Amino acid sequence: MLIRWNQLWNKKAFTYEKKVVFIIIIAILLLIGVGYFYYDLYQLYNHENYLAIHTLLEFFIVQVSLLIAIKGWIILPYNRSSRRLLISTLFLAIGLLFLLHALTYEGMPFFITTSSIAKSIWFSKIASITESIGLLWILSRNNYRIKKARRVIPFSLSFLYFVLISILIFVFESFLPPLYISGQGVTLLKIGIDYFIIPINIATIIIVFNSYKNGKNKSDLSLMASLFFILLSGFTFTIFHQVNDLYHFLAHVYKFIAYYYLLKALYIDSFQEPFKQKKQAEQNSMKSEQQLRWALNHIPGGFIAIDKQLEVTLINPTAKMLFEKDLGLTNLLGQNYLNLLKSRGIGEEKSHLIMAIKEKKISDKEKMRLFDNVFLNDAAPIIDPQSQEVLGAVNYFIDITEEELEKKKREQLLVKYLNQSKNLERLIDAIPVMFLAIDQEGKIIATNEKMSLGLIQVSSQSEFIGKHFDFICDYFDMKFDESALYRALQGEEVRNIHIKVKECNFLVNAYPIYCTEKKEVFGAIALYQDITELEILRNEMENLERLNLVGQMAASITHEIRNPMATIRGFVQLLQQQKKKPSQSYYKIIIDELDRANSIISDFLSLSKNRIVEMQEYNLNDIISELYPIILAEANIQGQFVDIDLDNALQNVKLNKREIIQMILNLVRNAFEAMEKGGRLTLITKKEDGKVHLFIKDTGIGISKEILDKLFQPFFTTKEGGTGLGLAVTKSVIEKHHAQMEIESVEGSGTTFIVIFKPIM
């Protein structure tokens, strides 16, 4: 049975980790069992031998502590670990304190003073407190390498600490509070000290557990087992009643096991560690050597190494083949490399390898021509890092003869291509339209000066090249996937597409560029012809045609309407002479309105004639002030507001007052119709840049870009029942006065009409 258990215990599956866990479980079960069968076991327990057992157990603990201290003293010059130094000095003090605990235990022979349980327990508790706090502090610190192995001061401080504690306990024994009372058991102070130590040990276990989890180090596992048994021992020390009862004995057994694992963690395992590291280093070195040899045998170039006596020490198959093929050299290993080269008429100055040793020269990607071949060389000396002595040199080279021939062909083709490319660039720059080419990813690959320096106005054509066509799309205010070039990339030929960019009009033609071999589209070109002037001319011709038509209609209508209106006016005048006085006001109103209608018809008739308009000197502020009551009355009816802001320094302007009043009223009525109830109309006069500016600003719905382009066309209207002639007449008035009109409009925010007059100088 024992043999089978030993076989199971030594199996690989039963790992050290499992063994530790198994022992801890047995220890916990043992404590529970002792508590359950305490009185039965106590009858079998012979406490007369307890002093000898206690002494042996404590001396083992002292021996382990001092071994750890001595080992730390010995290996510090080689190890120089800050953690090892602190642990060694810590256990020097702990070992000496536990030694005094054992020597002053009740029943021991005279040592300095008579033995007593009070001194012994105080030495034990001070040692335990030092142990728990010291280990927590040391293991929570980062381990680092000490610059100088100074051992005397740390170990002297540890010994001084022990001496001070010993003097205090020996001298002031009678003043120290009791930790144990014979016949009653441990005091609350002693239990409090043990409970103070327990959480410190738990914290230390957590630190060691995290270290073990990260590195799976066997010594960390042993240290964790040691700390657990120290914890179990401390707990058991809180429940004993007499210094020789079973709990006290069991606590010392747990303490013995704790220091056994401490011995493994800090002494035995650490002694084995250098041998394990050496074995691992040898295995790694062997593996690295195998990998290096495999790499050297499979790299595409040649590799050769020589020592400082210039003898070949290492050569790979590629280098061997090149030497045999081109130089006819064989059996290179062990031969003098310089003599081999000289035998083929090659001087040492041509060898990068020889220069690396003699001049410590490093060659990086240097070309070397040897007979008909070209090699790319990397050579470097092998230097001892301490003595800086050259030990040898290594050379890696690769035959690039074919690559050089290909490079020469490419250079010739490149020169030919550049010449053709320059001719093509001249041709593209010479064409009278804007040119743009993109690749299949939409990046610009070519353009001409008319596009880059004319339309977009960048500093040079190079700013275009490489950018995505989105750069142009942003300027054109359009999306890439809606452009003619995008359609061309899909294989479609786009012809004579009209686009409008800001104030310019373009006729666009776009064509895909095909790869001649695969018939795939790999780019596209586009030609942009500026037809802005043609569009302006076409629009003006259309306006003239409309105005001509309006003029003909006006002439016909006014001729027919004037005759009956003249008759009506004559009869109203007769009636005015016959009727009594109270009715006279009505006739006056009829006559005024007929006169006004006749005036409007005369204005309408003006569209059909290029008659001369009588101009007089006026101040625009006076005309607006005269119209203000009429405009304000109209605003009150509409439930809207009117503001005026007149520049007192405004210059006089030559104008036809009647036509300017009609123009202002036309623009004001349009503004009222564009605003909702509560809207605000603002009339502003201002002197800017030596000219007289009239601003008529509303807070209406604004005018869209599409409508803005057609605003002054005759017969174009957005009003229900409108004639579309109001703004055409307004434009005619402005042109007769040689004035200018600008329109600023934001949809949803309102519109501003700006009329600019030339003042009288």
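Our structure is the block above this text.
Residues numbered from 1 in each chain as written. Predicted model: local features only at pLDDT ≥ 70, side-chain atom pairs only at ≥ 80, totals over all residues. Heavy atoms only, no water.

(A) Highlighting the overall build of the protein. The secondary structure content of the protein amounts to 23 helices and 19 strands. Across the 761 residues that make up the protein, the buried fraction comes to 40%. Counting contacts in the protein only where the partners sit at least 6 residues apart, residues at least 24 apart contribute 62% of the total. Accessible surface for the protein amounts to roughly 44,900 Å². Of this, 58% is attributable to carbon and sulfur atoms. (Helix = DSSP H or I, 4+ residues; strand = E, 2+ residues; numbered from the N terminus. Buried < 20%, exposed > 50% of the residue type's maximum accessible area, 1.4 Å probe, protein only. Contact = heavy atoms within 4.5 Å. Areas by Shrake-Rupley, 256 points an atom, 1.4 Å probe, with all protein chains shown as cover.)

(B) Region of the structure containing the nonpolar core. Core analysis: the largest hydrophobic core is formed by 71 residues, its most contacted members being F91, F229 and Y259. Those elements giving two or more residues to this core turn out to be helix 2 (16–36), helix 4 (50–79), helix 5 (82–103), helix 6 (117–140), helix 7 (152–171), helix 8 (188–215), helix 9 (218–237) and helix 10 (246–298). Those residues within four positions of F91 in sequence are excluded, and the remaining contacts are S65, I68, A69, E131, L135, Y259, L262 and L266. Counting residues in hydrophobic clusters, the runner-up holds 36 residues, among them V642, L665, A671 and L694. (Core = buried A, V, L, I, M, F, W, Y, C linked by side-chain atoms within 4.5 Å.)

(C) Looking closely at the sheet that holds strand 19 (residues 750–757). As summarised here, the arrangement of the five strands in space is 14-16-17-19-18, forming an open sheet in which the pairing is mixed. The open sheet has two free edges, formed respectively by strand 14 (641–645) and strand 18 (740–746), since each of these has just one partner strand. On average, each strand axis in the sheet is inclined to that of its neighbour by 15°, with strand direction left out of account. In this structure, strand 18 lies alongside strand 19, joined through seven bridges in antiparallel fashion. The residue of strand 19 that forms the bridge with Q740 is I756. (Pairing = 2+ DSSP bridges. Axes fitted to C-alpha atoms, helices over the stretch in contact; angles between N-to-C directions.)

(D) Local environment of empty space enclosed by the protein. Applying the stated criterion across every chain yields a total of six cavities of 30 Å³ or more. Considering only enclosed or pocket space, the second largest cavity measures out at about 150 Å³ in volume. Going through the elements one at a time, helix 6, helix 8, helix 9 and helix 10 are the ones with two or more residues in the lining of the second largest cavity. Among the elements that make up the lining of the second largest cavity, the one with the highest residue count is helix 6 (five residues). For the lining of the second largest cavity, the residue count by class is five nonpolar, six polar and four charged. (1 Å grid on protein atoms, 1.4 Å probe; cavity = no way out; pocket = protein on both sides within 12 Å on 5 of 7 lines; lining within 4 Å. Points joined across faces, edges and corners; volume = space filled by probe spheres on them. Nonpolar A, V, L, I, M, F, W, Y, C, P; charged D, E, K, R; others polar.)

(E) Representation of the packing of helix 5 against helix 7 within the structure. Interhelical geometry of helix 5 versus helix 7 gives an angle of 25° and a closest axis separation of 9 Å. As far as their axial angle goes, helix 7 and helix 5 are roughly parallel. The crossing of helix 5 and helix 7 is right-handed. Here L85, S88, T89, L92, A93, L96, L97 and L100 of helix 5 lie close against helix 7, whose contacting residues are P154, F155, S158, F159, Y161, F162, I165, S166 and F170. Considering only residue class, the contact of helix 5 with helix 7 consists of 13 nonpolar, four polar and no charged. (Parallel < 35°, antiparallel > 145°, perpendicular 65-115°, else oblique. Left-handed = near helix turned anticlockwise from the far one by under 90°.)

(F) Structural detail: the packing of aromatic side chains. Considering all chains together, one arrives at 11 aromatic pairs under this definition. Summarising the aromatic geometry, the rings of F229 and Y261 are spaced 6.1 Å apart at their centres and angled 10° between planes, so their arrangement reads as stacked. Placement of the pair is F229 in helix 9 and Y261 in helix 10, with a sequence separation of 32 residues. F229 sits in the buried class, given a relative accessible area of 0%. Aromatic ring contacts, followed pair by pair, group F228, F229, Y254, Y260 and Y261 into a single cluster. (Phe/Tyr/Trp six-rings, centres within 6.5 Å; stacked < 30°, edge-to-face > 60°.)

(G) Highlighting the side chain of D307. Relative to the helices and strands, D307 is located in strand 3 (residues 302–307). A distance of 3.0 Å separates a polar side-chain atom of D307 from the backbone nitrogen of Q309. Aside from chain neighbours lying at most four places away, what touches D307 is T313, I357, L391 and G392. (Polar contact = N/O pair within 3.5 Å; in protein donor to acceptor, adjacent residues only side chain to side chain.)

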